[in-house]
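Here are the chains, one letter per residue:
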Amino acid sequence: MGKSWIWIIGPILLFLLFVQPIAQNVQADAKTYDKVVLRGSAESLDWSSDNHPLQYNEEEGVWLSGPVALKGGETTEYKFVYDGTWMSGSNLTVTAPQDDAYVFAFHPEEERTVDIRPAGTHEAAATLELTVPEETPAWVKPTVASSTNDFHYTAAPMTKTGDRTYTFTLVGDAGQDVSYTYSLAGEAYEEVRGERRTVTLTKDSKIQKDTVDQWKTIPVAQSVTHDFHHEPYTPGKKDEVRISVEVEHFGPIDAGAAYYTTDGSSPSGKRGEAANGKTTELTVVETSEDSNGLQTTILTGTIPAQKDKTRVKYRIDVWNTRSEGSQFADNNVLDPEEATEFAYYVEDYQSPDWAKEAVIYQIFVDRFRDGSKENNTSVNPDLPKDEQLKGWMGGDLQGVLEKIDYLDELGVNTLWISPIYEGPYSHGYHPTDFMNIDPRFGSNQLMKELVDEAHDRDMKVVYDLVPNHTSNQHPFFQDAVEKGEASSYYEWYTFLKWPDEYETFYGVQELPELNNDNPETREYMLDEVVPFWMEDIGVDGFRLDYAKGPSQSFWVDFRHQVKSIDSDAFIFGEVWDSLETIDSYAGKLDGAIDFETQSAIVHTYIDGGSMNALADSLMTIHETYDEEFVPATFLDSHDVPRFIYEADENVTTMKNAATLQFALPGAPIIYYGDEVGLSQSGDHTKVEEWKDRYYREMMPWDESRQNMDLKAHYEELIQARKEQPALAHGDMKVIYSDDDVLVFERRMPQDHVLTIINKGENSRTLNIKELYNQDTPNKVMLQSVLNDSRMLSRRDDLYVKAGAHSAQVYDVKGTLTYEAPSEAKKYNKVVLRGAAPLNWETDKHALTYNEKAGVWTSPPVALTAGETVEYKFVRDGEWMEGDNLMFTPESSGEYIFHFDPQQEHTVKVVQTPSSQAS
C-alpha cells in the first residue's frame, strides 16, 4: 500500500470553551472517576478517612453519599476526594437547614456544585404553611429559625407556593416539640411577635397554618457585597483608593457611602452621614437586569490618599433616596454598629529581606528533644507508644537549646517554635495563659535564653501565636462562664446562649473563639501579648495560627503594632483556604503557609499526578501572590501526614520533592525530622481519633536511626539557597513540561538557576537550547549546585540527561534566554491525543518539530485496518479548536501523524515504510 493522504477540514467552533469537553467526551462516560469519598468538619465526618464513600448514580449522572447526620444551623466545611486526589480550591461549605441526615451529591462535570439533600430517614414531620403581610417584597424569601437549627436566621429558606404563601417541612422524632419563628433571612427582619411559635412533629406530617402580621423591618436589597474590592490593594502614601460595591436588588438602589477613619477607631455612619469618621460618596456606575427582574448595580467611590503607616478602616451602606433605611456590606445588616468593618494599611508594602532568604525549621517542642527529666510531670512511659503519642512525650526548651548547634550546622537560619503557653495539651494550641510558658516546656527565662542563643548564631526565631481562641480552661473564659454579663470578659467571647453555647474554633467546645473585634480583647492581644513576645522574649516575628479567624481589621491593627515594635519582623499566617483567599492577606501579613504548593507537590509525587498539572499549578500560584508576599512552602507538618510515609518510605521521592520545594519561590519549611527521614509508626487512616499523633513522633537522635544520606541532601539544598540569590529572589518561569518532566528557571539580573525534574521511569535527554527556542550560537555551561556534574553547549545544542526519578538544579553560566518560537514552528510543544490506541489525557504521544519540513511529527502509532481513530492535537496546553479529527487506515501497521502549524486542521497521517513492507 502507498502513502495515505486524507484531508479533512473540521468546522472551527466559535468558543474555545467547548474544545476540551468535545475531545474528552469520547473517552468515558460522565462517571469520570473510579472512587469518590466525602471528608469534612461535621461531627459525623472527618478529614482523614475514606469512611464516607459515594456511589455513582447512573440515571442522574452524579455520585451520592450515604446519609450523613448534620446539626441544623451549623456550617460544615467539606471536600470530595476522587481517585485519591483532593478536589482543588477552597473547602465547600453548607449550612444545614435543620437537624437531619443528608445525602451529599458530587457532580463530576461541575465539581464545586454545593448539593445536599434530605436523606428521608426522619421519623416524623410538620409542614408549615405561611401567609406573609402585603408589604413583604416579592423578592424576599422568608426563612424558618427554629430549635432544630439553633435559631439560624438564614439556613432554612421556605418554598414559595403562591402570591403571598410559602411552605417548609420540619423533621425529627415523633412527639418532638419544635419552637420556631419566621424572618426575612435575618434577625433584624424577624416577625413582630411576643413569643415564639411551637409545633409538635407527627408521623403523618401535621400541617400548621401560620400568618405573619408584621415584620420588625424589611431589607433594602437582596445582597450588598464589597469583599475588599479596593484598588490598589496594597496602597502607598500617594495612592487614592477606589472602592466598589455590588448590589443585587429588585427595588431601586441609587446611592451609597463609605464611612472611614484613619486613627485606628471604628467608623460609623448611615445614609451618607458619618457618626464617627468621614464620609465618601459612592455613585452608581452600572446597572443591569436579568430575566427575573433582579438588578445588579455597581457603585464606586474614592478614599483620599493617607500618610504612611495609616490604618484606614471603613464601612459601606447603600440605599434608595426616596425611601427609608439602608443596608450594609458584606453581612447585610441594617445597624451600622454591627456592619462588617473593612480595613487596609498604608505603607510601601515590603516583607523583610531575611524572610525571603529564610530556611525555616519547624520545631514541635514536645516531640523534638527531652532535655530535662525534671519537668516530665505529665509523661507516662509505661503506656503503649500509641497511647503515649496522644499526650506529653517530654520534649522541652532545654532540649532545643541542647541541639541548637545541630540546627546551626544543618544550615537553617530561622526557627519556628510551636506554642508553649500554659495549657492542657502538649501541642500548645489550647492556651490558658498567653504570657506564661508551661513548666512542662520550661520557663519564660529559658525561652529568652533560646532566642539569645539563636541570635548569637545569626538565626531568627518566630513564635507560633494563637490569637483566634483560648482554652475553655483559660481564666478569662471561666470568669465569663461564671459571671455572665457581669464579667469583664463576657464580651471577649461570643455567647450564643450563655453559658453553654458560644462561638468556637471549628465547633470544638474546648476552644471558645476570642472576639477580637471587641476593643478590650484587641487591646489586650496587641498591647500586652505582642509586646511580651517581641520585647520581653525577643522573637523576630510570628507564625499566626488560624489567621483567617480574626477579621482583616484586626490584622491591620496587628501589622501596625508589630511593625511599630520591629519594622523588620516577619509575620506569616496559617490560612488554609483557596489561593485567592490566601493572597487577600497581602498588605496585612508578610506571607502565609503555602498550602496550595504543598497540595500540588503531594498530588504529583504521592497521587501520581502529571508534571503538566504541577507546572500549571505552580505558575498559577506564583502569578497570584503579590511579589512581596512570602509563601512558606512545606512537604508536611504537624497537621498532615509525613510526606515520606505517604511516599512509602521512598527516600528518592523525598529527595526529589525537597529539591523541588527548595527551588521554588518562597521560604522553605523543614518540619523537624524531615531531614533524617522521620516517618510514622502507625497508619493514621486506621484510627478514628488522634490521627495526628503519627505526624508528631519523637525526633530520633541516634544516628543509626537517621538517614544520613537524606540529611546530607538537605544540607546541600540549604547551602544552594544561600549561594544562589535567584532561589530566594528570582522570578519563576516554566520552560517546559510533559507528563513526567518539568523544567523551570529562577532568574534575576546577576543569577540564573535552572531546575530539571524527571519523575518518570525512563531517562530523558533534553536539548535545553531547543526548549528555550534559542538559535543564537553562544557558549552556555550548566553547573549542578548539588554535585560536581556540569554540561557545556556544543554548537547550537545543550543536551542534558535527566535520569529516571531525578531532580537537579543548575547554575547557568552564559546567556540562556527564552525566545518565542519561530513563525514556522509556532508552538513550543504539540501533543497527539485521541481514542485507543492513543489516549485523551497524557503527553505520551508528544510530537517533534522538523525544521526542514516545517511540520510536527508524532512517534509511530500502531493502527488496525478499518478501525477509525478519533484524535486531536494539544498545542502548548490548549486543545485545537473544532471537532475531533478522524483517520481510518486501509491496512494495519505503524503510522506517523503530522501536524502542520500553518494548516492546523489538515489531516495527514503517513504509514511508515517499514510497516508497509511488512
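Residues numbered from 1 in each chain as written. Predicted model: local features only at pLDDT ≥ 70, side-chain atom pairs only at ≥ 80, totals over all residues. Heavy atoms only, no water.

Our next topic: the pairing of strand S20 (residues 255-261). Where a strand is regular, its side chains alternate between the two sheet faces. Burial analysis of S20 places seven of its seven residues in the buried class, which makes it a mostly covered element. Note that S20 and strand S25 (residues 310-319) share seven bridges and pair antiparallel. Bridge assignment links tyrosine 260 to a residue of S25, and that residue is tyrosine 314. Taken together, the five bridges between S20 and strand S23 (residues 278-289) define a ladder with antiparallel strand orientation. If you follow alanine 257 over to S23, its bridge partner there is glutamate 281. (Buried < 20%, exposed > 50% of the residue type's maximum accessible area, 1.4 Å probe, protein only. Helix = DSSP H or I, 4+ residues; strand = E, 2+ residues; numbered from the N terminus. Pairing = 2+ DSSP bridges.)

The amide bond that connects glutamate 231 to the next residue, proline 232, takes the cis arrangement and shows omega of 0°. Mapped onto the secondary structure, proline 232 falls in the loop between strand S18 (230-231) and strand S19 (241-249). Residue proline 837 follows alanine 836 across a cis peptide bond; omega there is 15°. Topologically, proline 837 is positioned in the loop between strand S50 (830-834) and strand S51 (848-850). Residues other than glycine seldom take positive phi values, yet aspartate 876 does so here, at roughly 50°. By secondary structure assignment, the location of aspartate 876 is in the loop between strand S54 (869-875) and strand S55 (878-879).

Moving on: the nonpolar core. Core analysis: the biggest nonpolar cluster contains 115 residues, and Tyr361, Met447, Trp533, Phe542 and Phe558 have the highest contact counts within it. Element by element, the count of residues in this core is highest for helix H9 (residues 519-537), at nine residues. Grouped together as the second largest cluster of nonpolar side chains are 23 residues, Ala126, Trp139, Leu184 and Leu334 included. (Core = buried A, V, L, I, M, F, W, Y, C linked by side-chain atoms within 4.5 Å.)

Time to look at a negative patch on the surface. Judged by side-chain charge, Asp408, Glu409, Glu449, Asp452, Asp456 and Asp458 come together as a negatively charged surface patch. Looking at which element gives the most residues to the negative patch, the answer is helix H7 (residues 444-456), with three residues. Mapped onto the elements of the fold, aspartate 456 is located in helix H7. (Patch = residues over 30% accessible without salt bridge, like charges linked within 9 Å, V, L, I, M, F, W, Y side chains within 5 Å. Areas by Shrake-Rupley, 256 points an atom, 1.4 Å probe, with all protein chains shown as cover. Salt bridge = Lys/Arg side-chain N within 4 Å of Asp/Glu carboxyl O. Lys, Arg positive; Asp, Glu negative; His and termini not counted. Charge placed at Lys NZ, Arg CZ, Asp CG, Glu CD.)

Two numbers describe a pair of packed helices, the interaxial angle and the distance between the axes. Relative to each other, helix H15 (residues 651-663) and helix H16 (residues 708-723) sit at 10°, their axes nearing to 10 Å. As far as their axial angle goes, H16 and H15 are roughly parallel. Counting all contacts with H15, which are made through Val651, Met654, Lys655, Ala658, Thr659 and Phe662, the residues of H16 involved are Asp709, Leu710, His713, Tyr714, Leu717, Ile718 and Arg721. Its residues assigned to classes, the contact of H15 with H16 shows eight nonpolar, two polar and three charged. (Axes fitted to C-alpha atoms, helices over the stretch in contact; angles between N-to-C directions. Parallel < 35°, antiparallel > 145°, perpendicular 65-115°, else oblique. Contact = heavy atoms within 4.5 Å. Nonpolar A, V, L, I, M, F, W, Y, C, P; charged D, E, K, R; others polar.)

What follows covers the sheet that holds strand S46 (residues 780-784). A sheet is described by the order of its strands in space; here six strands give the open sequence S42-S43-S44-S49-S46-S47, paired in antiparallel fashion. Every other strand in the sheet has two partners, leaving strand S42 (731-737) and strand S47 (790-792) as the edge strands with one partner each. Within the sheet, the average angular offset between the axes of one strand and its neighbour, ignoring direction, is 25°. In this structure, S46 lies alongside strand S49 (residues 806-814), joined through five bridges in antiparallel fashion. Residue pairing in the sheet places valine 780 in a bridge with glycine 814 of S49.

This part is about the UniProt feature "domain: Glycosyl hydrolase family 13 catalytic" (unreviewed entry) in the protein chain. Taken from the UniProt record, the annotation "domain: Glycosyl hydrolase family 13 catalytic" (unreviewed entry) applies to residues 362-721. Taken end to end, residues 362-721 comprises 38% helix and 14% strand; its first and last C-alpha atoms sit 18 Å apart. (UniProt positions renumbered as here; feature names shortened; annotations may be inferred.)

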